[in-house]
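# Commentary on secondary and tertiary structure
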Amino acid sequence: MLFSVRMCVFAVLSITSSLTVASEEVESVAFRCREWQSLHAEDDADAEKKLSMLKKLGCETRMNRHGDHADVSFRSVQWREVTLESHENADRWEQWLNKNGFETLHGHAHAPS
């Protein structure tokens with residue numbers, strides 16, 4: 001089953017909710033990450049920023065603080081979808097998701113198996 005999360009991206013790592021205007025050309029990226037992955041955070045502010053972004057994407061998250069940094073772990077077993085206002089932003093998100101261990105499908109409509 002494909003879950004939908006409607007979001008607009010102003011920067012590669014910042015997400016804000018947005019209503020999609022019918023006349024705009026939008027694209028979506030479907031994603032999932034079955035296995036736990038981790039992102040290294042330099043400090044508490046960085047960890048909270050990453051944790052918040054991953055939660056907005058609908059990922060399960062957990063944080064492991066040790067030493068002078070934290071690791072933010074995440075997974076998204078079910079397919080989810082983020083809708084973006086441009087092809088360029090969809091490409092940037094697809095690259096970021098792939099770089100961080102997600103499977104992705106990019107286009108106007110998805111039919112994941």
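Just so it is clear, the structure is predicted and the values come from calculations on it, not from any experiment.

### Topic: the environment of serine 38
- For serine 38, the position within the fold is in strand 4 (residues 27–41).
- Put simply, serine 38 and arginine 75 are 37 residues apart on the chain and 8.9 Å apart in space, counted from C-alpha to C-alpha.

### Looking at the packing of aromatic side chains
- All chains considered together, the criterion is met by four aromatic pairs.
- Seen in terms of ring centroids, phenylalanine 74 and phenylalanine 102 are 5.3 Å apart; in terms of plane orientation they differ by 15°. Their pairing is stacked. Highlighted residues: phenylalanine 74 in strand 6 (residues 69–84) and phenylalanine 102 in the loop between helix 2 (87–99) and strand 7 (103–107), separated in sequence by 28 residues. Here the two residues phenylalanine 74 and phenylalanine 102 agree in accessibility, since each one is buried.
- For the ring pair tryptophan 96 and phenylalanine 102, a centre distance of 6.4 Å and an interplane angle of 35° mean the geometry is tilted.
- Among the residues examined, phenylalanine 102 registers a relative accessible area of 4% and is labelled buried.
- In this structure an aromatic cluster arises from ring pairing among Phe31, Phe74, Trp93, Trp96 and Phe102.
- A cation over a ring is seen here: arginine 62 above tryptophan 36, with NZ or CZ 3.8 Å from the ring centre.

### Some details on the environment of arginine 62
- In this fold, arginine 62 is placed in strand 5 (residues 60–66).
- For the pair formed by arginine 62 and tryptophan 36, sequence separation is 26 residues and the distance between their alpha carbons is 9.8 Å.
- Ignoring any residue separated from it by four or fewer positions in sequence, one finds arginine 62 in contact with Trp36, Leu51, Asp71, Val72 and Ser73.

Rules used throughout
- Residues numbered from 1 in each chain as written.
- Predicted model: local features only at pLDDT ≥ 70, side-chain atom pairs only at ≥ 80, totals over all residues.
- Heavy atoms only, no water.
- Helix = DSSP H or I, 4+ residues; strand = E, 2+ residues; numbered from the N terminus.
- Phe/Tyr/Trp six-rings, centres within 6.5 Å; stacked < 30°, edge-to-face > 60°.
- Buried < 20%, exposed > 50% of the residue type's maximum accessible area, 1.4 Å probe, protein only.
- Lys NZ or Arg CZ within 6 Å of the ring centre and 35° of its normal.
- Contact = heavy atoms within 4.5 Å.

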